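Here's the letter readout for the chains.
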Amino acid sequence: MASGAIRVGVIGCGFYAQNHLHAWKDLANEGAVLAAVCDVDAGKAEAAGRAFDVPFYTDAAALLAVERLDAVDIVTRHDTHRALCELAIAKGVATIVQKPFAPTWEDCVAIVEAADKAGVWLAVHENFRFQTPMRHVRRVIDSGAIGTPSWARIMFRTGFDVYRTQPYFYDEERLAIADVGIHVLDLARFFLGEVERISCETQRRNPKVRAEDTATMLLRHRSGAASVVECTYEARRDPDPFPETLVEIEGDNGSIIVLPGSRMRVTSNGTTTEEGIGSPLRSWTSDRWHVAQEGAFVACRHFLDCLKRGVPAETSGSDNLRTYALVDAAYRAAEEHRAIVPTLWE
Ligand code: 89Y
């Protein structure tokens, strides 16, 4: 990979892309240069270009033709991902693409194969596992404090009005699992390893949405561990933890419980301790969204570090196929009322 600074072009300047733009700007002191931005909506492209003081484009091909980029960060809706990834890969530019990777398994595989063939570095911006609280959970598992994890419950349960900032949710053909279940399934892999089979019940509790807004999934991991993975936009809870993921993990020597407000309770060999696992606000993060925004920052920092070192990202394209396979398997399990073995990607 390039020596010196890593020049990044961000494609997509919408709601969530603002976090990526800020993240790359903040990473200037670690060797990133936010070089240019692009959005098909000229107003959004111009606003981002002016706010971040970089050239702006409405056409990704023009961005790639004119700018000398080491990487693109694609933060558009998933139906545009394959074409944009293929464009960047054809130019030999390292490619980061937001989750969900692409609309179908075939699209995701095609992108991974194109990158492999061209020898281009590819990562999926799957960021929940990079959230500071989730890194703390992984640290405790790695420390051996709870022994071998054999059971977990991982929950994203909220009633926060996600439709206000992401109104396209109303019309998605696949909603809760594809949008946020994908993160929680990735966390299940991150904490307990690969998955052998998955069952799933979906519900549409809000009549205004087209697809499922609630999913309850049961996973058997290769290690023998079992996990319950849940997501909903229809919980009425106090406190409402949005956008925090709550976690319960049991091992043979103890347990880890992540409570609302980024608190973690660890029981190890009969002794219980509790600590805060949050992180301070950044200049551009807000109380309500901080955990998710900061996860995007830490993910970008990880990608930058991997690009500088020339190593694959933790959430490389091929790694993310395993998470994507779980999403597809969950939908199939719900439809066919049976446990499904996810497609293997070895
Ligand atoms: O789109 C979702 C995501 O990735 O994190 C939270 C969110 O914005 C709403 O569920």
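Further up the page is the structure itself.
Residues numbered from 1 in each chain as written. Predicted model: local features only at pLDDT ≥ 70, side-chain atom pairs only at ≥ 80, totals over all residues. Heavy atoms only, no water.

Trainee: Now, about the overall build of the chain: what can you tell me, with residues and values included?
Mentor: Of the regular secondary structure elements, the chain holds ten helices and 14 strands. C-alpha atoms of the chain, sized along the principal axes, occupy 60 × 40 × 40 Å. Each of the 346 residues in the chain was classed as buried or not, and the buried ones make up 56%. A fraction of 69% describes how many contacts in the chain between residues 6 or more apart in sequence connect residues 24 or more apart. Carbon and sulfur atoms provide 49% of the accessible area of the chain, an area that totals close to 14300 Å². The centroid of the 38 positive side-chain charges in the chain is displaced by 1 Å from the centroid of its 48 negative side-chain charges. (Helix = DSSP H or I, 4+ residues; strand = E, 2+ residues; numbered from the N terminus. Buried < 20%, exposed > 50% of the residue type's maximum accessible area, 1.4 Å probe, protein only. Contact = heavy atoms within 4.5 Å. Areas by Shrake-Rupley, 256 points an atom, 1.4 Å probe, with all protein chains shown as cover. Lys, Arg positive; Asp, Glu negative; His and termini not counted. Charge placed at Lys NZ, Arg CZ, Asp CG, Glu CD.)

Trainee: So, the site of the ligand: which residues are in play, and what are the values?
Mentor: With respect to spatial proximity, the complete set of residues near the ligand consists of Lys99, Phe128, Val162, Gln166, Phe169, Asp179, Val180, His183, Tyr233 and Trp289. Take Gln166: an N or O atom from its side chain is 2.9 Å from an oxygen atom of the ligand. Look at the ligand: alone it shows 280 Å² of surface, and the protein chains cover 95% of it. For the shell around the ligand, the element with the highest residue contribution is helix H8 (residues 176-192), accounting for three residues. Residue classes in the shell around the ligand are distributed as six nonpolar, two polar and two charged. (Near = heavy atom within 4 Å. Polar contact = N/O pair within 3.5 Å; in protein donor to acceptor, adjacent residues only side chain to side chain. Nonpolar A, V, L, I, M, F, W, Y, C, P; charged D, E, K, R; others polar.)

Trainee: Quick rundown of the side chain of Glu212? Include the residues and the values.
Mentor: On the secondary structure map, Glu212 appears in the loop between strand E8 (195-203) and strand E9 (214-221). A distance of 3.2 Å separates a polar side-chain atom of Glu212 from the backbone nitrogen of Leu175. When neighbours within four sequence positions are excluded, Glu212 is seen to be in contact with Arg174, Leu175, Ala176, Ile177, Ala178, Thr202, Gln203, Arg204 and Tyr331.

Trainee: Go over empty space enclosed by the protein, please, and point to the residues and values.
Mentor: Applying the stated criterion to the full structure yields two cavities of 30 Å³ or more. For the second largest cavity, the calculated volume is near 40 Å³. Gln131, Pro133, Met134, Glu244, Thr245, Val258, Ser262 and Val291 are the residues that line the second largest cavity. Classifying every residue of the lining of the second largest cavity gives four nonpolar, three polar and one charged. (1 Å grid on protein atoms, 1.4 Å probe; cavity = no way out; pocket = protein on both sides within 12 Å on 5 of 7 lines; lining within 4 Å. Points joined across faces, edges and corners; volume = space filled by probe spheres on them.)

Trainee: Tell me about the nonpolar core, and name the residues and values.
Mentor: Phe101, Ile177, Leu185, Phe191, Met217, Tyr233 and Ile249 are the most contacted members of the largest nonpolar core, which has 90 residues in total. Per element, the largest residue contribution to this core is twelve residues, and it comes from H8. Split by domain, the residues of this core number at least three in each of domain 1 (6-120) and domain 2 (129-274 + 323-336). When sequence neighbours within four positions are dropped, the list of residues in contact with Tyr233 reads Phe156, Thr158, Gly159, Val162, Tyr163, Phe169, Leu175, Ala176, Asp179, Val180 and Asp213. Membership of the second largest hydrophobic core comes to 32 residues, among which are Val10, Cys13, Ala94 and Phe303. (Core = buried A, V, L, I, M, F, W, Y, C linked by side-chain atoms within 4.5 Å. Domains from an automatic or database assignment.)

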